Amino acid sequence: MLQYETIFITDPGLQEEEIDALLKSYEQVTGAASGKVLKVEKWGKRRLAYPIGRHEEGIYVLMVLECPPESVKEIDRRYRMNDRILRHLTVRVEHEAQLGPSPMIRPRPAEREEIPGEAAFTP
Amino acid sequence: MRRGDTGRGRDRGGKKQFKKKFLFRKKKFCKFCDEKIAFIDYKDLRLLQAFTPERAKIFPRRISGTCSKHQRKLMQAIKRARTLALIPFTSD
């Protein structure tokens, strides 16, 4: 079984319960194929970098799954069917860092202040 | 000489002036190789923003000094972050 990381952005008007219901349905899809959900992260409401449809904001939810490819296909299909999901992205987990808390919710340790690339500004 | 040229291997004869000018330029290096970052996360906005200055374009390799391997990974990460509206495609 493969590991996948999937993110979806929903309509900002969606209630917490509705999101939980979505999560539950995706969990069932993976469960039906004897896969499992390794991680769920709710990033909450975020401002979008550019408007999608008429929305300026979106609710971000991230999941890490371990399931056969068919389940991913099914979840993807459900994403597309649901018009309250503005965007979605599913990628294979290629590094163990993806299994831990993501940089979005992880408080940044002080030593990460001097981030690689920042110095790359000075040509 | 074009803007952004490193001056390395670009002089085709006669322009010794330029060579002299760039003699003491600090050598560029790949930030990712230096810090041994194997995986570039598309969720790491601070990192990606450092490589998408001002107009949110991808910082070119010839200026940042990133090696081709890491530039490719960085490009992939930036494009993923763009689809998710985490970083803009462009700004003004």
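The rules behind each value
Residues numbered from 1 in each chain as written. Chains lettered and ligands numbered in written order. Predicted model: local features only at pLDDT ≥ 70, side-chain atom pairs only at ≥ 80, totals over all residues. Core = buried A, V, L, I, M, F, W, Y, C linked by C-beta atoms within 7 Å. Buried ≥ 20, exposed ≤ 12 C-beta atoms within 10 Å, placed from the backbone. Helix = DSSP H or I, 4+ residues; strand = E, 2+ residues; numbered from the N terminus. Contact = placed C-beta atoms within 7 Å. Nonpolar A, V, L, I, M, F, W, Y, C, P; charged D, E, K, R; others polar. Pairing = 2+ DSSP bridges. Axes fitted to C-alpha atoms, helices over the stretch in contact; angles between N-to-C directions. pLDDT = per-residue confidence, 0-100. Expected span 1.5 Å × (residues − 1). Arc of directions from axis to C-beta.

Counting residues in hydrophobic clusters, the biggest one holds 31 residues, and the most contacted among them are Ile 9 and Val 61 of chain A together with Leu 48, Ala 77, Ile 78 and Ala 81 of chain B. Listing elements by their share of this core, those giving two or more residues are β1 (2–10), α1 (16–32), β3 (55–67) and α2 (69–81) of chain A together with α3 (45–50) and α5 (68–83) of chain B. At 7 residues, the largest contribution of residues to this core is made by β3 of chain A. Setting aside chain neighbours within four positions, we find Leu 48 of chain B in contact with Ala 77, Ile 78, Ala 81 and Ile 87 of chain B.

At the junction of the two partners, chain B supplies 26 residues and chain A supplies 23 residues. Contributions of two or more residues to the side of chain B that touches chain A are made by α2 (31–35), α3, α4 (61–64) and α5 of chain B. Looking at the side of chain B that touches chain A residue by residue, the class counts come to 16 nonpolar, 3 polar and 7 charged.

Our focus in this paragraph is the sheet that holds β3 of chain A. Residues and elements named next belong to chain A. Strand order across the open sheet formed by 4 strands is β2-β3-β1-β4, with antiparallel pairing between neighbours. Each end of this open sheet is capped by a strand with a single partner; those strands are β2 (36–52) and β4 (85–92). Geometrically, the sheet is characterised by an average inter-axis angle of 20 degrees between neighbouring strands, direction not taken into account. With 11 bridges joining them, β2 and β3 adopt antiparallel strand pairing. The partner of Lys 42 across the bridge, within β3, is Val 61. In this fold α1 packs onto β1, β2 and β3, with an angle of close to 25 degrees to the strand it touches most, β3.

Residues and elements named next belong to chain B. Considering the arrangement of structural elements, one finds Ile 78 in helix α5. Residue class for Ile 78 comes out buried when judged on the 23 C-beta atoms lying within 10 Å of it. Expressed as a C-alpha distance, the spacing of Ile 78 and Arg 25, which sit 53 residues apart in the sequence, is 29 Å.

All names here are of chain B. One non-glycine residue, Glu 54, lies in the positive phi region at around 35 degrees. Counting through the fold element by element, Glu 54 comes out in the loop between α3 and α4. Residue classification places Glu 54 among the exposed residues on the basis of 8 C-beta atoms within 10 Å. Of note in this structure, Ala 85 is not a glycine but carries a positive phi near 55 degrees. With respect to the element layout, Ala 85 can be found in the segment after α5.

This paragraph deals with the confidence of the model for chain A. For chain A, per-residue confidence averages 85 on the pLDDT scale, and 85% of positions sit at 70 or higher. Per-element mean pLDDT across chain A ranges from 91 in β2 of chain A up to 94 in β4 of chain A.

Take the confidence of the model for chain B next. With 75% of its residues at a pLDDT of at least 70, chain B reaches an overall mean of 80. Averaged pLDDT values for the elements of chain B fall to 58 in helix α1 (residues 16–21) of chain B and rise to 93 in α5 of chain B.

Residue and element names in this part refer to chain A. Bridge count for β1 against β3 is 9 bridges, and the pairing is antiparallel. Each residue of the ladder has a partner; that of Thr 6, found in β3, is Met 63. Adjacent in sequence and paired antiparallel, β2 and β3 are bridged by 2 residues, among which Gly 53 carries a positive phi angle near 65 degrees.

Moving on: α1 of chain A. All names here are of chain A. Under the 1.5 Å per step criterion, the end-to-end length of α1 is 24 Å for 17 residues, consistent within 8% with the ideal 24 Å. Within the span of α1, buried status applies to Tyr 26, Val 29 and Thr 30. The arc that holds the buried residues of α1, viewed along the axis, is 95 degrees, so those residues lie on one side. The exposed residues of α1 that point more than 90 degrees off its buried face are Glu 16, Glu 17, Ala 21, Lys 24, Ser 25, Gln 28 and Ala 32. Against β2, β3 and α2 lie the buried residues of α1. One or two residues past the end of α1 sits Ser 34, with phi positive at roughly 50 degrees.

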